[in-house]
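# Remarks on the overall topology
This is what each chain is made of:
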Amino acid sequence: GAVEVVVDRGAAAAGERIYGREVKVLSLGIDTHIFHPRKGEPSAGFRVVGAGRLYANKRPELFVELARLCPSAEFVWFGDGELKESLISRKKMEGAANLTFAGAVSSERLADEMRKSHLFVLPSRSEGAPKVLQEAAGCGLPTIAFGNYESPAIEDGRTGYVVWNEAQLIDRVMECIRNPASTRRMGEAAALVAQRWDWDLLAPQWEEEILRWTS
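The text that follows walks through the structure, step by step, so that each part is easy to find.

## Details of the overall build of the chain
Scanning the chain from terminus to terminus reveals 8 helices and 8 strands. Across the 215 residues of the chain, 46% fall into the buried class. Within the chain, contacts between residues at least 6 apart in sequence are counted, and of these 68% link residues at least 24 apart. Of the roughly 10,700 Å² of accessible surface on the chain, 52% is carried by carbon and sulfur atoms.

## With respect to helix α6 (residues 166-178)
Taking 1.5 Å of rise per residue, 13 residues should cover 18 Å, and α6 covers 18 Å from first to last C-alpha, within 8% of that figure. Within α6, burial applies to Leu169, Ile170, Val173, Cys176 and Ile177. Projected down its long axis, α6 shows its buried positions confined to an angular sector of 130°, all on one face. Where the residues of α6 are buried, they touch α2 (60-69), β4 (74-78), β6 (119-122), β7 (143-146), β8 (160-163) and α7 (180-194). The backbone nitrogen of Ala167 lies 3.2 Å from a side-chain oxygen of the residue at the head of α6, namely Asn165.

## Considerations on the sheet that holds β6
Across a sheet, paired strands are connected by hydrogen bonds in the backbone, their directions being either parallel or antiparallel. Strand order in the open sheet made by the 6 strands is β5-β4-β3-β6-β7-β8, with parallel pairing throughout. Since the sheet does not close on itself, it has two edges, and those belong to β5 (99-103) and β8, each with one partner. Adjacent strand axes in the sheet meet at a mean angle of 20°, parallel and antiparallel pairs treated alike. Bridge analysis of β7 against β8 gives 4 bridges, and the strand direction is parallel. Residue pairing across strands places Phe146 opposite Val163, the latter belonging to β8.

## Here's the deal with the environment of Ala153
Mapping Ala153 onto the fold places it in the loop between β7 and β8. What makes Ala153 buried here is its relative accessible area of 1%. Residues Ala153 and Thr143, spaced 10 residues apart in sequence, show a C-alpha to C-alpha distance of 7.5 Å. Ignoring any residue separated from it by four or fewer positions in sequence, one finds Ala153 in contact with Leu133, Gln134, Thr143, Thr159 and Trp197.

## Points about the pairing of β4
Counting buried positions along β4 gives 4 out of 5 residues, so the element sits mostly inside the fold. Pairing between strand β3 (residues 47-51) and β4: 5 bridges, direction parallel. Bridge pairing in β4 links Val49 to Val76. Note on the crossover from β3 through α2 to β4: the handedness is right-handed. Pairing geometry for β4 and β5, over 4 bridges, is parallel. Residue Phe78 lies in a different strand from β5, and its bridge partner there is Gly103. In this view, the connection linking β4 to its parallel neighbour β5 by way of helix α3 (residues 84-93) has right-handed handedness.

## Describing the nonpolar core
Ranked by size, the top nonpolar core spans 55 residues in total, and within it Phe75, Met114, Phe120, Val121, Ile144, Leu169 and Val173 carry the most contacts. With residues up to four places along the chain from it excluded, the contact list for Leu169 reads Leu62, Leu66, Val121, Pro123, Ile144, Phe146 and Val163.

About the criteria used
Residues numbered from 1 in each chain as written. Predicted model: local features only at pLDDT ≥ 70, side-chain atom pairs only at ≥ 80, totals over all residues. Heavy atoms only, no water. Helix = DSSP H or I, 4+ residues; strand = E, 2+ residues; numbered from the N terminus. Buried < 20%, exposed > 50% of the residue type's maximum accessible area, 1.4 Å probe, protein only. Contact = heavy atoms within 4.5 Å. Areas by Shrake-Rupley, 256 points an atom, 1.4 Å probe, with all protein chains shown as cover. Expected span 1.5 Å × (residues − 1). Arc of directions from axis to C-beta. Polar contact = N/O pair within 3.5 Å; in protein donor to acceptor, adjacent residues only side chain to side chain. Pairing = 2+ DSSP bridges. Axes fitted to C-alpha atoms, helices over the stretch in contact; angles between N-to-C directions. Right-handed = clockwise from strand over helix to strand, strands pointing away. Core = buried A, V, L, I, M, F, W, Y, C linked by side-chain atoms within 4.5 Å.

Here it is, written out as structure tokens:
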């Protein structure tokens, strides 16, 4: 009989290409008690956030470039890693005074900081199933990321933007900064979509599948 695999949608598409079998998709969940939308408006001024370990695969140097090109907005990256000191030096050299590397924070603090912001950007090209995009959506942020990993958080043009190269990424970030009302509407749509990823809803489905394959 057909083999059924429980994965996220990017891996599901790959599985169907390789094995030619129907694949069942279950998304990863988020803790909506932590990652929930703000009440009211975000902080004054436009704020762009990113998060992840500061190493080459995440391409945080592109975040520095975005800050340099968009001096009217505030950029904040949450996470530590081996590139932190070199990135701080680079941002000083390029005059990106609007960029802060805030270090590692708890999930609760990250959620609070997301709710103070307007847009989440993930500049890496290679990811597995980046749950941070779903967490950002849960906090009411539109997200911009590369299409290589097909995140369920992004419905292109509705809850954020899918991009395929650096020029598109820069253009979309600038577009969001220029049009805060449209960006806010995308964030509201993202928060509604994120409700389907509540672990309280998804955990029983995962439990059912795990028990079915292990019993």
